[in-house]
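One letter stands for each residue in the lines below.
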Amino acid sequence: MEDLPYPIVLDILERLGKASDRNSVSLTCKRILAIDNEHRKSIQVGCGLHPAYEALMSLCVRFPNLKTVEIGYSGWTSVRGKQLDDRGLSVLACHCPSLTDLTLSFCTFITDVGLAHLASCSNMQSLKLNFVPRISGCGILSLVVGCKNLSSLSLVRCLNVRSVEWLEYLGKLGNLEQLLIKNCRAIGEHDLIRLGPGWSKLKRLEFEMDCNFRYTKAFNKLLILQCESLKELSLVNCIMGPGRGLSCMLGICEALEKVYLDKCDGVGDSDIVALASKSKRLKSLSLRLSPEFLTLGNDPYGLTDESLKAIACGCPKLEEFRLAYSYGDFPFFSYLTLDGLLSLIQRCPIHVLALECVYFFNDFGMEALCSANLLSTLELVQCQEISDEGIQFISRYPLLTALKLSKCLGVTDLGLKSLVGSKKLEVLMVEDCPQISEEGVQGIARSVSYKQDMSWLY
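Counting from 1, residues in each chain are numbered in the order their sequence is written. Per-residue local features are limited, in this predicted model, to residues with pLDDT of at least 70; the limit for side-chain atom pairs, both in listing and counting, is 80 or more; totals at the level of whole chains, interfaces and linings are taken over all residues. Excluded from the side-chain calculations are hydrogens and water; all other atoms, namely the structure's heavy atoms, are used.

Going by an unreviewed UniProt entry, the chain carries the name F-box/LRR-repeat protein 14 and comes from Acorus calamus.

Summing up its helical and strand segments, the chain has 14 helices and 16 strands in all. By its C-alpha atoms, the chain is 65 × 55 × 45 Å across when sized along the principal axes. Counting over 458 residues, the chain shows a buried share of 50%. It only takes one pair of heavy atoms within 4.5 Å for two residues to be counted as in contact. A separation of at least 24 residues holds for 74% of the contacts in the chain among residues at least 6 apart in sequence. For the chain, the exposed surface amounts to about 20,700 Å²; the carbon and sulfur share of it is 52%. Looking at charge distribution, the chain has the averaged site of its 48 positive side-chain charges lying 6 Å from that of its 51 negative ones. What counts as a helix is a DSSP run of H or I of at least four residues, what counts as a strand is a run of E of at least two, and both are numbered from the N terminus. For the exposure calls, accessible area comes from a 1.4 Å probe over protein chains only, and a residue counts as buried if that area is under 20% of its type's maximum, exposed if over 50%, partly exposed in between. All accessible areas in this document rest on Shrake-Rupley with a 1.4 Å probe, and a residue is counted as covered only by the protein chains that are shown. We treat Lys and Arg as the positive residues and Asp and Glu as the negative residues; His and chain ends play no part in the count. To locate a charge, the coordinates of NZ of Lys, CZ of Arg, CG of Asp or CD of Glu are taken.

Our focus in this paragraph is the nonpolar core. Here, the term nonpolar core denotes a set of buried Ala, Val, Leu, Ile, Met, Phe, Trp, Tyr and Cys residues that are joined through side-chain atoms within 4.5 Å. Of all hydrophobic cores here, the largest spans 134 residues; its most connected members are Leu92, Trp166, Phe321, Phe361, Met366 and Leu380. At five residues, the largest contribution of residues to this core is made by helix α11 (residues 338-347). Once residues within four sequence positions are removed from consideration, Leu380 is found in contact with Leu355, Phe361, Met366, Ile386, Lys404, Leu405, Ser406 and Cys408. Membership of the second largest hydrophobic core comes to six residues, among which are Leu10, Leu13, Cys29 and Ile35.

Running from N to C, helix α7 (residues 137-146) and helix α8 (residues 165-173) cross one another at 20 degrees; their axes reach a closest spacing of 8 Å. One way to sum up the angle between α7 and α8 is to call them roughly parallel. Considering the relative orientation of α7 and α8, their crossing is left-handed. Counting all contacts with α7, which are made through Gly137, Ile140, Leu141, Val144 and Val145, the residues of α8 involved are Glu165, Trp166, Tyr169, Leu170 and Leu173. Only Asp, Glu, Lys and Arg are considered charged in this grouping, and only Ala, Val, Leu, Ile, Met, Phe, Trp, Tyr, Cys and Pro are considered nonpolar; every other residue, Gly among them, is considered polar. Here the residues of the contact of α7 with α8 sort into eight nonpolar, one polar and one charged. Axes here refer to lines fitted to C-alpha atoms; in helices the fit is confined to the stretch in contact. Angles between the N-to-C directions go from 0 to 180 degrees. The labels follow the angle: roughly parallel below 35 degrees, roughly antiparallel above 145, roughly perpendicular from 65 to 115, and oblique for the rest. By convention, the crossing between two helices is left-handed when the near helix turns anticlockwise from the far helix through less than a right angle, and right-handed when the turn is clockwise.

Here's what the structure looks like:
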């Protein structure tokens, strides 16, 4: 091993994806150990660090060229030793000059002091904080002032981040491309306006309000003047509607390729029509609707077939469409109908169609999918109007290779019998369908997954 050429040794190490495998190979000789230490770019540590500070110091000295570090304490209890604290982040700042990507998860002893240490990491490009409860907006501000190359920031369940001056500073720098904020109770959608000129560079935005701490106040339309680079937009539990909050983004972001709207209060036809008129590049659209945010009767914000037909006409590149209702086991009145859904499916090049609790989709809809010439993946979850008669049309779908059936009460082994031995499907997933047996799914696809749990019925 000592005589192997350097490029060959390096190639061997690069082919080993698991850290445990690289550690084992490094034990064969000192030369491989030295090369591995020099070229190790990432580590993932957490509860196994003991004592935490000394162990991390040893790792950073051993691997001087680390770029990606993930520190996670999921499942930690006090009996597993002390967590890494602010001193640990000072070690990263001093001994990892190449650090570009840092993830901290469930690090309950990290405070603003620790984040301030990271301000000296001038090469930092990505920071992910998942449940780091002791940090505040001041700590994030101190970090972003030093890390001027930061292009990706993720905050999940950071409960004490209240001030958003850091967001304004990032907007002025103009380098932020990805922003993810989830369940940070003190940060509302109206705070995003502080990004200012930074909107023009942003490519991906994910914003989720904690459903238990939603702002009931309907904020006026945000003055987001430019977001021409935004390609992915995900909004969960936001307050929307004509002239309100983040709904304005749906009508001004021409580069959008992927949109996900989950239980957004007030989203209506005007928003989706505006999206269809601007986003000609849209490839993926996901809508999850909930009755707690919809008012029956004369609801000016409810989605109707007008929305789906606008998407059908205005988004010629749409490949993935997902529609879900999150209201439990019982249907409620929907303004969307089978006619609107089929107009979208037949006019757009749909490759992936996923329907959950869509009770108006029935056997006639399954027959209509025979004309969906590009459909390759179909997911049906809790679609109770589909029977064996509808399932049998699957054998006539031109390009379908993957099928998922979950909690569908009307489908039995008899309906799937026509697919046995056809070699049409590559993947079949059947979950919690009471009338489908494990024997009934055999021989239908090359890869079959079967799970049965009837607790959802009770």
